[in-house]
Every structure is written in C-alpha cells, then in structure tokens.
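One letter stands for each residue in the lines below.
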Amino acid sequence: MSDLFKKAISLGWGLTVVSKEKVEKAVEDLVNRGELAPSESKALVDRLIERGAEEQGQFKTMIREQVSRILQELEVPTENDVTSLEQRVALLEKQVAELEKEKAALTGSSDAEEANRLD
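Residues numbered from 1 in each chain as written. Predicted model: local features only at pLDDT ≥ 70, side-chain atom pairs only at ≥ 80, totals over all residues. Heavy atoms only, no water.

Visitor: Outline the overall build of the protein chain, listing residues and values.
Guide: Tallying secondary structure elements over the protein chain gives four helices and zero strands in all. In the protein chain, the succession of α and β elements from N to C terminus is α-α-α-α. Burial analysis of the protein chain (119 residues in total) assigns 13% to the buried set. Carbon and sulfur atoms make up 56% of the accessible area of the protein chain, which amounts to about 10,100 Å² in all. (Helix = DSSP H or I, 4+ residues; strand = E, 2+ residues; numbered from the N terminus. Buried < 20%, exposed > 50% of the residue type's maximum accessible area, 1.4 Å probe, protein only. Areas by Shrake-Rupley, 256 points an atom, 1.4 Å probe, with all protein chains shown as cover.)

Put into structure tokens, the structure is as follows:
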C-alpha cells in the first residue's frame, strides 16, 4: 500500500473519531489551563471544524480516485459499459424477433403452397 494511501486512511480514521463535541472539549481544556484566551476559543473551534471538513472532503475524493483506479485495473465494467451492452442486447433481441417473424411468414406460405399441391 502506498504511503499516501496509508496517510489518507489514518486521516480518515482521525476525522471519523473526532467529533465537534470533542474538539470543543479539547479547546475548553486549553482555555481552562490558560493556554488559550476564552475570546479565541470559538474561532479556534470553527477553524478546526472547517479544516476537518476540508480534509474529510479531500479524503473522500482520494478514496474515490483510488477505488476507480483499482476498478479500472481489474477491468470491472462501468455503468456506461453495462448500459451500452444492455442497448446492444435489446437491439439484437429485436432483430432476432424480426427474423423469426420473417421465417414464420416464409414457412407459413411454403406450407400453404405444399398443401395446395397435395390436393
């Protein structure tokens, strides 16, 4: 597994574990210890939440790209591939049905001619 992929997985785990409440509690602890001014706490929480959302979006994008790449490498058909094949099968079914009708019409007229000759 590539280092980038490992880092992304770790980041994703971190984002899912850290909730807004946990961020607020951590910032509150900083305020209580005097390491952060109370007036700065809301801004810090907002920045951390915003940053987390951005990183989560980047993580999701990277995972989608990795999954797409893997699916391509495994030659898994895309939705467009399946739709195209379904359309081709429908067209072929229609053509087969038309040929069967033509054959039945030809066979039916041949049977009628044969019956007339026997009379």
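Visitor: Break down unusual backbone geometry for me, citing the residues and quoting the values.
Guide: Phi at E75 takes a positive value of approximately 55 degrees, unusual for a residue other than glycine. Here E75 is to be found in the loop between α3 (38-73) and α4 (79-118). What makes E75 exposed here is its relative accessible area of 69%.

Visitor: Could you give an account of the pattern of salt bridges, naming the residues involved and the relevant values?
Guide: A side chain with one charge can pair with a side chain of the opposite charge if their charged atoms come near. A full pass over the atoms with the stated rule returns six salt bridges. One salt bridge connects K25 with D29, and the closest N-O pair in it is separated by 3.9 Å. Pair noted here: K25 and D29 are both in helix α2 (residues 20-32), with a separation of four residues, about one helical turn. Looking at D29, the relative accessible area reads 30%, which means it is partly exposed. Note that D46 and K42 form a salt bridge whose closest N and O atoms lie 3.1 Å from each other. With D46 and K42 both in helix α3, this residue pair falls four residues apart, about one helical turn. (Salt bridge = Lys/Arg side-chain N within 4 Å of Asp/Glu carboxyl O.)

Visitor: Would you mind going over α2 in detail, with residue names and values included?
Guide: The end-to-end C-alpha distance of α2 is 18 Å, a good match for the 18 Å that 13 residues give at a rise of 1.5 Å each. Note on α2: the residue one or two positions beyond its end, G34, has a positive phi of about 80 degrees. (Expected span 1.5 Å × (residues − 1).)

Visitor: Give me the lowdown on the side chain of E55, citing residues and values where you can.
Guide: Within the secondary structure, E55 is located in helix α3. For E55, a relative accessible area of 16% corresponds to the buried category. A polar side-chain atom of E55 sits 2.7 Å from a polar atom in the side chain of R51. (Polar contact = N/O pair within 3.5 Å; in protein donor to acceptor, adjacent residues only side chain to side chain.)

These figures capture arrangement, not role.
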